[in-house]
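# Working through the structure, step by step
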Amino acid sequence: TRFYVINADGSGAPLQVDERTGSNGVNSPEVDISADGSRLITVGNQSDYWIVRAVNADGSNLHPVITLGRYLGFRLSGDGSQVFFLNPEDFDLNSQHYKAGLYAVSVDNPAQVRKIVDRDAMAQLYGVASDGVRPVGTAFGASRDSGRFVFAASIPDHGVRVLLVN
């Protein structure tokens, strides 16, 4: 799979900014762009891992940001400085354990992972045990300023609820 940037007005030639290849190919490639148009993230699955890479819109500074075993969705912050990801299950990253939830990672310093909301906080909101609480669905939204997020979560005894996180 090849990822290109093109000018909206049709001027100039398409610029290839990333390519995903491998022995298993790339399944379900995804891309997101910052609100200011300066940076993109590409997401591809290789060998049962999801690899997120960032690249400037001019094709420079292509680099890996994060690799996960499972996820539901990725979004790039408005200014392109952070990648937000929704994870449906507990996971380990950089020798740290994280619970299912919504997280942010710095594009320029991927070792900095920040919890936005996890299953414990979602469970507390509904007064239930956190076992079984998890984000669901494949899409979520982030406001342009990255101050608000919306996603769906499965809450035991309450079904699927859409949550707005400030």
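So, here is what we can say about the structure in this document. Remember, it's a predicted structure, so these values are computed and weren't measured experimentally.

### Some thoughts on the overall build of the protein chain
Regarding its fold elements, the protein chain presents 1 helix and 15 strands. Considering only C-alpha atoms, the protein chain reaches an extent of 55 × 35 × 25 Å along its principal axes. Burial analysis of the protein chain (166 residues in total) assigns 42% to the buried set. Within the protein chain, contacts between residues separated by at least 24 positions form 35% of all contacts whose residues are at least 6 apart in sequence. Taking the average location of the 14 positive side-chain charges in the protein chain and that of its 18 negative ones, the two points are 3 Å from each other.

### Considering the sheet that holds strand β11 (residues 101–106)
Taken in spatial order, the 4 strands of this open sheet run β7-β8-β11-β12, and their pairing is antiparallel. Across the chains shown, the open sheet's two edge strands, defined by having one partner strand only, are β7 (73–76) and β12 (113–118). The average undirected angle you get between the axes of adjacent strands in this sheet is 20°. Strand direction decides the pairing type here: strand β8 (residues 82–87) and β11, joined by 6 bridges, are antiparallel. Across the sheet, the residue bridging to L86 is L102, located in β11.

### As for helix α1 (residues 119–126)
The set of residues buried in α1 consists of R119, M122 and A123. Each buried residue of α1 sits inside an arc of 100° when the element is viewed along its axis, so together they form one side. Seen from the buried face of α1, the exposed residues on the opposite side, beyond 90 degrees, are Q124 and L125. Of the surrounding secondary structure, the elements contacted by the buried residues of α1 are β11, β12, β13 (134–142), β14 (149–155) and β15 (159–165). At the N-terminal boundary of α1, the capping side chain belongs to D118, with an oxygen 3.1 Å from the backbone nitrogen of D120.

### Concerning the pattern of salt bridges
For the structure shown, the criterion picks out 7 salt bridges. In this structure, R39 engages D108 in a salt bridge whose closest nitrogen and oxygen atoms are separated by 3.4 Å. Of this pair, R39 sits in strand β4 (residues 39–46) while D108 sits in the loop between β11 and β12, placing them 69 residues apart in sequence. A salt bridge links D118 to K115, with the nearest nitrogen and oxygen atoms 3.7 Å apart.

Calculation criteria
- Residues numbered from 1 in each chain as written.
- Predicted model: local features only at pLDDT ≥ 70, side-chain atom pairs only at ≥ 80, totals over all residues.
- Heavy atoms only, no water.
- Helix = DSSP H or I, 4+ residues; strand = E, 2+ residues; numbered from the N terminus.
- Buried < 20%, exposed > 50% of the residue type's maximum accessible area, 1.4 Å probe, protein only.
- Contact = heavy atoms within 4.5 Å.
- Lys, Arg positive; Asp, Glu negative; His and termini not counted.
- Charge placed at Lys NZ, Arg CZ, Asp CG, Glu CD.
- Pairing = 2+ DSSP bridges.
- Axes fitted to C-alpha atoms, helices over the stretch in contact; angles between N-to-C directions.
- Arc of directions from axis to C-beta.
- Polar contact = N/O pair within 3.5 Å; in protein donor to acceptor, adjacent residues only side chain to side chain.
- Salt bridge = Lys/Arg side-chain N within 4 Å of Asp/Glu carboxyl O.

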